[in-house]
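Coordinate inspection notes
For reference, the chains in residue letters:
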Amino acid sequence: MGVFYEYYRAADRASATVQPEHSREIVDGSRGIPEFDVVVTKWIDPEVVLGQLVAFAGHVDYSLGLVETVGLYPPPESAPRSDEEWDALPEGSPYLEGPGIMELSAEARDMLAGVDDARLPVLAEQWAAIEEFSHFTADEDGYILSLTKDLVGLARRAREHDQQLYCWMSL
């Protein structure tokens, strides 16, 4: 199976968390789900896998926490605070099963947005060589390059429109 991650841009946290239980890829005006500029991925988590792309893009050493995130949904202020509260959560609670929404730092956005187009193939090649992609065969179909271009493009559009990047994730 795996975890799905949808990276998207929004003007603010309120806009980013509209109908948080629904995919950002799906648009349904009748249910109040707006249209987002979104890149859909599988297994590309913000902290580790995307974090390494950001490190390569920014010419910095990778470290856990390089891509700072702020959890927005489920609301952190309502999160269980004790083992008893966690045990009392009902089945289907977003705290147990998701989905979740995180805001990515402006620094991560800007490192991705600042990549020169001529550098994209080399950047994708570096990223494809990380340990987390070792179970895939070589990027012969160009998926990693395409994904790199999509994520850099999303970051550029977010920066251009003075927006933040967000990540919606679901099992």
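Not measured: the values here are computed from a predicted model.

Reading the values: rules and limits
Residues numbered from 1 in each chain as written. Predicted model: local features only at pLDDT ≥ 70, side-chain atom pairs only at ≥ 80, totals over all residues. Heavy atoms only, no water. Patch = residues over 30% accessible without salt bridge, like charges linked within 9 Å, V, L, I, M, F, W, Y side chains within 5 Å. Areas by Shrake-Rupley, 256 points an atom, 1.4 Å probe, with all protein chains shown as cover. Salt bridge = Lys/Arg side-chain N within 4 Å of Asp/Glu carboxyl O. Lys, Arg positive; Asp, Glu negative; His and termini not counted. Charge placed at Lys NZ, Arg CZ, Asp CG, Glu CD. Helix = DSSP H or I, 4+ residues; strand = E, 2+ residues; numbered from the N terminus. Buried < 20%, exposed > 50% of the residue type's maximum accessible area, 1.4 Å probe, protein only. Pairing = 2+ DSSP bridges. Axes fitted to C-alpha atoms, helices over the stretch in contact; angles between N-to-C directions.

**A closer look at a negative patch on the surface**
A grouping of Asp83, Glu84, Glu85 and Asp87 is seen on the molecular surface, where their side chains present a negatively charged patch. Looking at the secondary structure, you find Asp83 in helix H3 (residues 83–87). Accessibility expressed as a relative area gives 60% for Asp83, which makes it exposed.

**With respect to the sheet that holds strand E2 (residues 38–42)**
Taking strand neighbours across the sheet as the criterion, the 5 strands line up as E2-E1-E5-E4-E3 in an open arrangement whose pairing is antiparallel. The open sheet has two free edges, formed respectively by E2 and strand E3 (69–73), since each of these has just one partner strand. Averaged over all neighbouring strand pairs, the angle between strand axes comes to 25°, with direction disregarded. Pairing geometry for strand E1 (residues 4–10) and E2, over 5 bridges, is antiparallel. Paired with Glu6 across the bridge in E2 is Val40.

**Thoughts on the pattern of salt bridges**
Taken as a whole and assessed by the stated rule, the structure comprises 5 salt bridges. Between Glu103 and Arg13 there is a salt bridge; the shortest N-O distance is 2.8 Å. Taken together, the residues span a long stretch of sequence, with Glu103 in strand E4 (residues 100–104) and Arg13 in helix H1 (residues 13–16) at a distance of 90 residues. Using a relative accessible area of 42% as the deciding quantity, one classes Arg13 as partly exposed. In this structure, the salt-bridge partner of Arg156 is Asp117, at a minimum N-O distance of 2.7 Å. One end of the pair, Arg156, is in helix H7 (residues 143–160); the other, Asp117, is in the loop between helix H5 (106–113) and helix H6 (120–128), and 39 residues separate them in sequence. Judged by relative accessible area, which is 26%, Arg156 ranks as partly exposed. A residue is classified by how much of its surface remains accessible, and Asp117, at 49% relative accessible area, is partly exposed. One network of salt bridges, in which partners are shared, links Arg9, Asp37 and Arg157.

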